[in-house]
Amino acid sequence: MNILVSNDDGVDAPGIRALYEALAETFNVKVVAPDRNCSAASSSLTLTNPLRISERENGFIAVNGTPTDCVHLALNMLMPQDPDLVVSGINAGANLGDDVIYSGTVAAAMEGRYMGLPAVAVSLAGKELNHYQSAGFYAAKIVTHLKECPLPANQILNVNVPDLPLAEIKGIKVTRLGARHRAQGMVKTLDPGGREIYWVGPLAKADDAGPGTDFYAIANGYVSITPITVDLTAHHRIEKVTQWAAQL
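First, a word on what this report is: a plain description of the structure on this page. Because the structure is a prediction, the values reported are computed rather than measured.

What counts and what doesn't
- Residues numbered from 1 in each chain as written.
- Predicted model: local features only at pLDDT ≥ 70, side-chain atom pairs only at ≥ 80, totals over all residues.
- Heavy atoms only, no water.
- Pairing = 2+ DSSP bridges.
- Helix = DSSP H or I, 4+ residues; strand = E, 2+ residues; numbered from the N terminus.
- Axes fitted to C-alpha atoms, helices over the stretch in contact; angles between N-to-C directions.
- Contact = heavy atoms within 4.5 Å.
- Polar contact = N/O pair within 3.5 Å; in protein donor to acceptor, adjacent residues only side chain to side chain.
- Parallel < 35°, antiparallel > 145°, perpendicular 65-115°, else oblique.
- Left-handed = near helix turned anticlockwise from the far one by under 90°.
- Nonpolar A, V, L, I, M, F, W, Y, C, P; charged D, E, K, R; others polar.

## Brief notes about the sheet that holds strand β8 (residues 171-174)
Pairing is mixed across the open sheet formed by nine strands, whose spatial order is β3-β4-β2-β1-β5-β6-β7-β13-β8. Bordering the open sheet on either side are β3 (53-55) and β8, each of which pairs with just one other strand. On average, adjacent strands in this sheet sit at an angle of 25° to one another, irrespective of strand direction. One ladder, built from four bridges, connects strand β1 (residues 2-6) with strand β2 (residues 28-34); its direction is parallel. Residue L4 lies in a different strand from β2, and its bridge partner there is K30. Of the strands in this sheet, β1, β5 (85-92), β6 (119-125), β7 (155-162), β8 and β13 (222-229) are in contact with helix α5 (residues 132-148), which crosses β5 at around 165°.

## Quick word on the side chain of N7
Inspection of the secondary structure assignment puts N7 in the loop between β1 and α1 (14-24). Within polar-contact distance, the side chain of N7 engages the backbone oxygen of G10 at 2.8 Å. Excluding its chain neighbours within four sequence positions, the residues that come into contact with N7 are A13, I16, A33, P34, P67, S88 and G89.

## Observations regarding the packing of α1 against α5
The N-to-C vectors of α1 and α5 enclose an angle of 45°; their axes lie 8 Å apart at closest approach. Considering their axes alone, α1 and α5 lie oblique with respect to each other. With respect to the hand of their crossing, α1 and α5 are arranged in right-handed fashion. Residue-level contacts link P14, G15, A18, L19, A22 and L23 of α1 to Y132, G136, A139, A140 and V143 of α5. When the residues that make up the contact of α1 with α5 are grouped by side-chain class, the tally is nine nonpolar, two polar and no charged.

In structure tokens:
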């Protein structure tokens, strides 16, 4: 089984090394990832500058682009034939609820799905991030199962693993996306020249985080697996919006 691995934390991040090590024990793995941290890049493509690649000593390919660029480039130019699966991660931090809209980790997996391949995004949920091996273990476990039981054509799996020793993880919960409160405000400060600058504020706290959500699973020591569809259409609203639009 051939697997393309990418991420948004950069080609030298500890998470992508842990993911490679976990998968390479069983599968043929090729790594193509950004040459720097591209967190929150979402599904952006680089259209105004050329993409360049360089190979690290460990064989990983670094790209001066976004996570989506990396997967797009790998599938179209760098791999002689399509892999069987795209796996993105292991992200340094959770991708829960609304995070998936902004996440470069999820976007890399999503690009694989747009290119017709099954895909999985894997994140390590916690503050200290000491247990990438736990996330790698579950990533390999899920990928092995996908070999026998593939995903539907319009879905990816968003996987979050609590930052715990493997023995302390209680199991797996299949979840829905929760939601956060409205994001906190920007942080205003000054640069060394005395000019005003702004930083995006910290993540908001969880709002919809009850039983059944990804937030709840992680908070209670479970791995969260959320199936995400690539079709953003609100099909159940089409009839109502049709009635509304008829009045325009």
